[in-house]
Amino acid sequence: MAHYKDERTLVIIKPDGLQRSLVGEIIKRYEQLGLKLVGVKMVVPTEEHIEKHYTIDPEWRRITGEKTIKGYKDKGLTPPSEDPFEVTAKILRGLMKYMTSGPVIAMVWQGAHAIELVRKITGGTEPLKSDVGTIRGDYVLDSYQMSDSDGRSVRNLVHASGSKDEAEKEIKHWFSKEELINYRLIQEQILYDVNLDGLLE
Ligand code: GDP
Ligand code: MG
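Residues numbered from 1 in each chain as written. Chains lettered and ligands numbered in written order. Predicted model: local features only at pLDDT ≥ 70, side-chain atom pairs only at ≥ 80, totals over all residues. Heavy atoms only, no water.

### Description of the site of ligand 1
Every one of the 15 residues lining ligand 1 counts as a neighbour, but K67, R119, T125, R136 and D148 are closest to it. Contact between ligand 1 and T125: an oxygen atom at 2.5 Å from a side-chain N or O atom of the residue. Sorting elements by how many residues they give to the shell around ligand 1 places helix α4 (residues 60–74) first, with three residues. Counted by class, the shell around ligand 1 contains six nonpolar, four polar and five charged residues. (Near = heavy atom within 4 Å. Polar contact = N/O pair within 3.5 Å; in protein donor to acceptor, adjacent residues only side chain to side chain. Helix = DSSP H or I, 4+ residues; strand = E, 2+ residues; numbered from the N terminus. Nonpolar A, V, L, I, M, F, W, Y, C, P; charged D, E, K, R; others polar.)

### Here we look at the sheet that holds strand β2 (residues 36–43)
Strand order across the open sheet formed by four strands is β2-β3-β1-β4, with antiparallel pairing between neighbours. Only two strands of the sheet have a single partner each, and these edge strands are β2 and β4 (158–160). In this sheet, neighbouring strand axes are inclined to one another by 15 degrees on average, regardless of whether the strands run parallel or antiparallel. Pairing geometry for strand β1 (residues 8–13) and strand β3 (residues 104–110), over six bridges, is antiparallel. The residue of β3 that forms the bridge with I13 is I105. Together, β1, β3 and β4 form the strand contacts of helix α2 (residues 23–33), whose direction differs from that of β3 by roughly 10 degrees. (Pairing = 2+ DSSP bridges. Axes fitted to C-alpha atoms, helices over the stretch in contact; angles between N-to-C directions. Contact = heavy atoms within 4.5 Å.)

### Looking at α4
Taking 1.5 Å of rise per residue, 15 residues should cover 21 Å, and α4 covers 21 Å from first to last C-alpha, within 8% of that figure. Looking at α4, one finds that the buried residues are W60, T64, G65, T68, I69 and Y72. Along the long axis of α4, the arc covered by the buried residues comes to 150 degrees, so they all point the same way. Away from its buried face, by an angle of more than 90 degrees, α4 presents the exposed residues K67, K70 and D74. Elements that come into contact with the buried residues of α4 comprise α3 (47–54), α5 (84–99) and α8 (144–149). The first or second residue beyond α4 is G76, which carries a positive phi of 75 degrees. (Expected span 1.5 Å × (residues − 1). Buried < 20%, exposed > 50% of the residue type's maximum accessible area, 1.4 Å probe, protein only. Arc of directions from axis to C-beta.)

### Let's talk about the pattern of salt bridges
A complete count under the given rule lists 13 salt bridges for this structure. Between E66 and R62 there is a salt bridge, with its nearest N and O atoms 3.0 Å apart. Of this pair, E66 and R62 both sit in helix α4, four residues apart, roughly one helical turn. Residue E66 is classed as partly exposed on the basis of its relative accessible area of 39%. With a shortest N-O distance of 3.0 Å, E82 and K73 are connected by a salt bridge. (Salt bridge = Lys/Arg side-chain N within 4 Å of Asp/Glu carboxyl O.)

Don't take any of this as a statement about function, it's just geometry.
In structure tokens:
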């Protein structure tokens, strides 16, 4: 059975993350947590690749549409449509434009609770509401209201897999087996070894 330390998640530094010169800062956050970088590359994604990325979960269109409609109503606003699939179609068009506008950095990070911890330090989807101390909370100032009124995707610097199932599918979508490196990081000893033998001389 796989150990906790074998959990992997996909992170993408989106075009705005690169353009804002935040690549080092973003990588530093995941690195300092104790996660291990097992795959990394710079690519300019195609529209097809991005569409597949977001629709990899067959439920994503419905869930995102419903969540977005609820978001509008909670704020006392009228959603652009009552049909979740129509709402998502618009979001997806924006994402395809945003995510193909320039190079992105795709990465796979490995470690105990990698999926949940990466989401935690990445922060909530909408930068206006993301917690202070998170990447999306500290380094960008976008909101759904502004991005919707300007007819574009919300710019939130990073994508991170949301669940085990998503992580597994997304990693396969972005990386071939050969592009992921199995190796030992010396610090894993202090993070995971049961007995800390050999520290004292
Ligand atoms: P993530 O996993 O935190 O990136 O968020 P989701 O998977 O729920 O959504 C993916 C993308 O869809 C986000 O990065 C946004 O661009 C867009 N999105 C999600 N929810 C909303 C919303 O309520 N309004 C708008 N305008 N876009 C949204
Ligand atoms: Mg998501």
